[in-house]
Amino acid sequence: MKASNYPLFTQKNDPSDAEIISHKLMLKAGLIRQQSSGQYSFLPIGYRVLKKIENIIREEMNAIGSAEILMPSVQPSELWEESGRWETYGSELLRLKDRHQRDYCLGPTFEEVITDLVRKDLNSYKQLPLNMYQISSKFRDEIRPRFGIMRAREFIMKDAYSFHLDQECLDEWYEKYKKAYNNIFNRLQLEYTMVDADSGNIGGSKSNEFHVIADTGEDDILIDEDGIGINFEIAKTKYDSHDIKKIIKDNNLVHKKGIEVGHIFKLGDKYSKSMNLSIDNAELKKCNIQMGCYGIGVSRIIAAAIEQNHDENGIKWPVSISPFKIVVIEIDGHKNDPVRLYSTDLYKKLIAKGIEVILDDRNAKLGNKLNDWELIGIPNIVIVGKSEAESNSLTFKKRGQTDKANLSIEDLIKIIKD
């Protein structure tokens, strides 16, 4: 990718309407632009990060045997009436009518749709367990969208669903999904914790939340000596006390703020019972299917990662989700001159080695280029000018560091690969 024909939309000034650092930096670095209240378009840099996160999630879901699908986002009211949630879900459910005056909603979650999908084809207990997931847009009509994509009305989410003949099988798969979630957040290179949680309007017997630790988080988390997190409200119940200071002191807990980025549930038969999803077991006894659901806020992870990884110059991406691994910045390069030829040759060699690289061949000052890439957060920066072209070398620096090193192309490739 060459910056001269790549849409880069960085801004020098802080946006006036951004309340938290991730919102400010996503706008300044040109990751997103607001469409309307709580709705954002992802620009090329932001979309690359989004796809990196999606791919990590997709790989871990596939690894445990969950199959990817895609369901309609406009859902008929009949399914929600079957589950009993059409009237109880609340004002976050955006309701609409089609030209025939039939009621629909924009899907904030997909328990009803997936239950209907499975009941159409499930005809034997031998088909169980079933595991499916999707990565798609969801819509919740937030009364007060805020903090950019942290609390948006429209957002990207991974939602998975599992179907089982009995509780024992559900318990087994719940642990598989829990392990997959730990793998995902470890690969995302984020500091996080898992906590016991309230199931809310999704329902079910048990649920766990996954929180990225950040000072701007909206959730209060208590973390014990083993690094296990406990939700603030549940901690008060668990320790049978309303004196939070005493709870913390007596149990050696550390109080931190968390951003919820994942939530998994044991639904049991909440939806299968109300929507008539059952099957005969081997003894010909009719059983309501046991269900689990497993969500991850894909777009929210971007904001959470920035809240946890930034400095005064901009974003500091974890390498696993950085839009590019390296940027090559040329100084005063022009068509067919030695600097342009050398930087282009370096760019091609990096691509040949499978390294994600962008070549900044724009007609701009070095300082402006450096400021842009520090703001965007590319972890590795290479500078190529006249002296580097003449000596067949390059100047290398890490994002956020002032120290620079003079390297050969071979040394650079080894560093990036390592």
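Reference entry: report on the structure contained in this document.

How each quantity is defined
Residues numbered from 1 in each chain as written. Predicted model: local features only at pLDDT ≥ 70, side-chain atom pairs only at ≥ 80, totals over all residues. Heavy atoms only, no water. Helix = DSSP H or I, 4+ residues; strand = E, 2+ residues; numbered from the N terminus. Buried < 20%, exposed > 50% of the residue type's maximum accessible area, 1.4 Å probe, protein only. Contact = heavy atoms within 4.5 Å. Areas by Shrake-Rupley, 256 points an atom, 1.4 Å probe, with all protein chains shown as cover. Lys, Arg positive; Asp, Glu negative; His and termini not counted. Charge placed at Lys NZ, Arg CZ, Asp CG, Glu CD. Core = buried A, V, L, I, M, F, W, Y, C linked by side-chain atoms within 4.5 Å. Expected span 1.5 Å × (residues − 1). 1 Å grid on protein atoms, 1.4 Å probe; cavity = no way out; pocket = protein on both sides within 12 Å on 5 of 7 lines; lining within 4 Å. Points joined across faces, edges and corners; volume = space filled by probe spheres on them. Nonpolar A, V, L, I, M, F, W, Y, C, P; charged D, E, K, R; others polar. Pairing = 2+ DSSP bridges. Axes fitted to C-alpha atoms, helices over the stretch in contact; angles between N-to-C directions. Salt bridge = Lys/Arg side-chain N within 4 Å of Asp/Glu carboxyl O. Disulfide = S-S within 2.5 Å. Left-handed = near helix turned anticlockwise from the far one by under 90°. Parallel < 35°, antiparallel > 145°, perpendicular 65-115°, else oblique.

A look at the overall build of the protein
(1) Moving on: Each helix and strand in the protein was counted, giving 14 helices and 23 strands.
(2) Moving on: Counting over 418 residues, the protein shows a buried share of 52%.
(3) Moving on: Across the protein, contacts joining residues at least 24 apart in sequence account for 68% of those joining residues at least 6 apart.
(4) Moving on: Of the roughly 19,700 Å² of accessible surface on the protein, a fraction of 47% belongs to carbon and sulfur atoms.
(5) Moving on: Between the averaged position of the 59 positive side-chain charges in the protein and that of its 64 negative side-chain charges there is a distance of 4 Å.

Considerations on the side chain of Glu112
(1) Moving on: Mapped onto the fold, Glu112 is located in helix α5 (residues 111-119).
(2) Moving on: Of the residues examined, Glu112 reaches a relative accessible area of 0% and is grouped as buried.
(3) Moving on: Those residues within four positions of Glu112 in sequence are excluded, and the remaining contacts are Leu79, Trp80, Ser83, Arg85, Tyr271 and Met275.

Considerations on the nonpolar core
Proteins that are soluble and globular tend to have nonpolar side chains buried together.
(1) Moving on: In terms of nonpolar packing, the biggest core is built from 66 residues, with Leu31 and Ile302 touching the most fellow members.
(2) Moving on: If near-sequence neighbours (up to four positions away) are discounted, Leu31 is found in contact with Met26, Ser41, Phe42, Leu43, Ile45, Gly46, Ile302, Ile306, Ile315 and Trp317.
(3) Moving on: The next biggest cluster of nonpolar side chains, apart from the first, holds 25 residues, and it includes Trp80, Cys105, Leu267 and Met275.

A look at helix α2 (residues 44-63)
(1) Moving on: Along its 20 residues, α2 runs 28 Å from first to last C-alpha, staying within 8% of the 28 Å computed at 1.5 Å per residue.
(2) Moving on: By the burial criterion, the buried members of α2 are Ile45, Gly46, Val49, Leu50, Lys52, Ile53, Glu54, Ile56, Ile57, Arg58, Glu60 and Met61.
(3) Moving on: Within two residues after α2, Gly65 carries a phi angle of roughly 95 degrees, on the positive side.

Points about the layout of surface pockets
(1) Moving on: There is about 290 Å³ of room inside the second largest pocket.
(2) Moving on: Lining the second largest pocket are 16 residues, with Gln11, Lys12, Lys28, Asn371 and Leu375 positioned closest to its centre.
(3) Moving on: Only α1 (21-28) and α12 (366-376) provide two or more residues apiece to the lining of the second largest pocket.
(4) Moving on: Taken together, the residues that form the lining of the second largest pocket break down as three nonpolar, six polar and seven charged.

Brief notes about the sheet that holds strand β22 (residues 394-398)
(1) Moving on: The five strands are arranged β20-β19-β21-β22-β23 in an open sheet whose pairing can be described as mixed. Of all strands in the sheet, those bounded by a partner on one side alone are β20 (357-360) and β23 (405-407). Ignoring strand direction, the axes of neighbouring strands in this sheet form an average angle of 25 degrees.
(2) Moving on: Summarising the sheet, strand β19 (residues 326-330) and β20 pair through four bridges and their orientation is parallel.

Describing the pattern of salt bridges
(1) Moving on: All told, the structure shown has 37 salt bridges when counted by the stated rule.
(2) Moving on: In this structure, Arg119 and Asp116 form a salt bridge, with 3.0 Å as the shortest nitrogen-oxygen distance. Separated by three residues within a single helix, Arg119 and Asp116 lie in helix α5, roughly one turn from each other.
(3) Moving on: The exposure class assigned to Arg119 is partly exposed, which follows from its relative accessible area of 26%.
(4) Moving on: Across the salt bridge formed by Asp345 and Lys349, the nearest N and O atoms sit 3.3 Å from each other. Linking Asp345 with Lys349, this pair stays in helix α11 (residues 338-352), spanning four residues, or about one helical turn.
(5) Moving on: For Asp345, a relative accessible area of 33% puts it in the partly exposed group.
(6) Moving on: Put simply, Arg48, Lys52, Lys325 and Glu356 are held in one network by salt bridges that share partners.

Quick look at the state of the cysteines
(1) Moving on: Scanning the model with the defined rule gives zero disulfides in all.
(2) Moving on: Residue Cys105 stays outside any disulfide, its sulfur separated by 16 Å from that of Cys293, the closest cysteine.
(3) Moving on: For Cys169, which is in no disulfide, the shortest distance to another cysteine sulfur is to Cys287 and amounts to 12 Å.

Notes on the pairing of strand β11 (residues 219-223)
(1) Moving on: Bridge count for β11 against strand β13 (residues 254-268) is five bridges, and the pairing is antiparallel. Bridge pairing in β13 links Ile221 to Lys256.
(2) Moving on: Hairpin connection, β11 to strand β12 (residues 229-231): the antiparallel pair is bridged by five residues, and Gly227 has positive phi, about 80 degrees.

As for the side chain of Ser322
(1) Moving on: With respect to the secondary-structure elements, Ser322 resides in the loop between β18 (314-315) and β19.
(2) Moving on: Using a relative accessible area of 0% as the deciding quantity, one classes Ser322 as buried.
(3) Moving on: Contact partners of Ser322, with chain neighbours within four places excluded, come to Lys52, Trp317, Gly377, Ile378 and Pro379.

A word on the packing of α11 against helix α14 (residues 409-417)
A pair of packed helices is characterised by two quantities: the angle between their axes and the separation of those axes.
(1) Moving on: Close contact between α11 and α14 brings their axes to 11 Å; oriented N to C, the two are set at 40 degrees. α11 and α14 meet at a crossing whose hand is right-handed. Taking contact as the criterion, the partners of Tyr342, Leu346, Lys349 and Leu350 in α11 are, on α14, Ile409, Leu412 and Ile413.
(2) Moving on: A per-class count over the contact of α11 with α14 returns six nonpolar, no polar and one charged.

Notes on the packing of α2 against helix α6 (residues 167-187)
(1) Moving on: Their axes nearest at 9 Å, the elements α2 and α6 cross at an angle of 150 degrees. The angle between α2 and α6 falls in the class roughly antiparallel. Crossing hand, α2 versus α6: right-handed. Residues Ile56, Ile57, Glu59, Glu60 and Met61 of α2 touch α6, and the partners they reach there are Tyr177, Ala180, Tyr181, Asn183, Ile184 and Arg187.
(2) Moving on: Split into classes, the residues belonging to the contact of α2 with α6 amount to seven nonpolar, one polar and three charged.

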